[in-house]
Amino acid sequence: MASEELVTLERLQAARKVVQQNPLFVRTPMLCHMQEHFRSMINPSTDVYLKLENTQITGSFKSRGVVNQFANIPDDVRSGEKMIVTCSAGNYGKSFSCMTKQLGLKALVVMPETAPVNRKQIIESNGATVELTPTSNIQATVERHVKDGMHLLHSYDDVHLIAGHGSLGLEILEDVPDPDIVLVCCGGGGVLSGVAAAIRLSGHTACKIYGVEPEGAPTMYESFKAGNAVAIPTVKSIAAGLAPPSAGKLTYKHCKSFVDDIILVTDEEIIKATSALYHAGFVVEPSGAAAFAALLARKIPDDITQKKVVVVLTGGNVTPQELCNLIKDK
């Protein structure tokens, strides 16, 4: 499949079978009628559903895309002849390193110097090598390794990754066959692309699908305005997993084709959502709570009265200390 093409329903269904067969994946719960647990924050007439991707084995949705990526690597990579390289600040690198360990492959993860130490340690514990570099130098570092003969697996702008993430969208439709609104976080746009494609290609044209980004890292939002994938020189957010320096060209094309719009939320709104979820019994990292933040902050541009709203909680990779520091005053 050419990299510039959109995924098809057949490819999404095939990828789902691949994902389901891998022990790194679990089918995560969909909790229904959750407005009852947030009565002071959400209109009780809105029917809220929470998809718990924070309960994946790796702690986030990333394993879905990664499993399908590795199912499609070239023979010289699978045989160990060529080493694999990627870049990640955390969750993708964790799932990536779990797969390289599962397959016995050598791999390098280029990480920003600002990445939390525990994220680096987790990746190294799975046998991958970590190279730290300034954020501004990550792209050049990866390109140098590719030029030297390594095989690149992109952390979000990859058609096999998007197809793997589509398994999440297909699960949503099994649990909630007639959603009115679906909210998904957006960083590089991989999971948003896959979920939106799965819903649209399954025939749900009336369902509104929104990506949610931090105000401090609005790469897909600005891409929608510009009409093409753009880079933003300086991005900053408490939701580090949603703050890549650019939107993917392939993910932008999918989002423009299948997503209604991008909603922006503040860091303060993300922290409030993370806190609200914690006090309701859910451990969710800031990046994983962004979509829920859009709901709590009433950022959805539609009337959601009597509507079924599905919110994807994308990850829970946060330490107790990080969570405590984040919500201590909330």
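For the structure, check the block above.
Only a predicted model underlies this, so the values are computations on that prediction, with no experimental measurement involved. (Residues numbered from 1 in each chain as written. Predicted model: local features only at pLDDT ≥ 70, side-chain atom pairs only at ≥ 80, totals over all residues. Heavy atoms only, no water.)

Caption draft 1: Spotlight on the environment of S45. Position of S45 among the secondary structure elements: in the loop between β1 (30–31) and β2 (47–52). Through-space distance from the C-alpha of S45 to that of Q35 is 8.1 Å; in sequence the pair is 10 residues apart. Among the polar contacts listed, one links the side chain of S45 to the side chain of N43, at a separation of 2.7 Å. (Helix = DSSP H or I, 4+ residues; strand = E, 2+ residues; numbered from the N terminus. Polar contact = N/O pair within 3.5 Å; in protein donor to acceptor, adjacent residues only side chain to side chain.)

Caption draft 2: Region of the structure containing helix α10 (residues 249–258). For α10, the complete set of buried residues consists of L250, T251, Y252, H254, C255 and F258. On its buried side, α10 packs onto α7 (159–175), α8 (190–201), β8 (208–214) and α9 (219–226). (Buried < 20%, exposed > 50% of the residue type's maximum accessible area, 1.4 Å probe, protein only. Contact = heavy atoms within 4.5 Å.)

Caption draft 3: Expanded view of unusual backbone geometry. Of note, the phi angle at H33 is positive, near 55°, even though the residue is not glycine. Despite not being glycine, R298 shows a phi value in the positive range, around 55°. Along the polypeptide, R298 turns up in the loop between α12 (286–296) and β10 (308–313). Exposure remark for R298: the relative accessible area of 63% places this residue in the exposed category.

Caption draft 4: Looking closely at the packing of helix α2 (residues 62–70) against α7. Taken N-terminus to C-terminus, the directions of α2 and α7 make an angle of 135°; their axes are 7 Å apart at the nearest point. The orientation of α2 with respect to α7, classified from their angle, is oblique. For the element pair α2 and α7, the recorded crossing hand is right-handed. Of the residues in α7, those touching α2 at K62, R64, G65, V66, N68 and Q69 are H160, L161, A163, G164, H165, S167, L168 and E171. Partitioned by chemical class, the residues of the contact of α2 with α7 number 4 nonpolar, 7 polar and 3 charged. (Axes fitted to C-alpha atoms, helices over the stretch in contact; angles between N-to-C directions. Parallel < 35°, antiparallel > 145°, perpendicular 65-115°, else oblique. Left-handed = near helix turned anticlockwise from the far one by under 90°. Nonpolar A, V, L, I, M, F, W, Y, C, P; charged D, E, K, R; others polar.)

Caption draft 5: Quick look at the pairing of strand β4 (residues 107–112). For β4, the buried fraction is high: 6 of the 6 residues fall into the buried class. Because side chains alternate across β4, one face comprises the buried residues A107, V109 and M111, and the other comprises L108, V110 and P112, equally buried. In terms of handedness, the path from strand β3 (residues 84–87) via helix α4 (residues 91–103) over to β4 forms a crossover that is right-handed. As judged from the 5 bridges shared by β4 and strand β5 (residues 129–133), these two strands associate in the parallel manner. Residue pairing across strands places P112 opposite T133, the latter belonging to β5. On the question of chirality, the crossover connecting β4 to the parallel β5 by way of helix α5 (residues 117–125) is right-handed. (Right-handed = clockwise from strand over helix to strand, strands pointing away. Pairing = 2+ DSSP bridges.)

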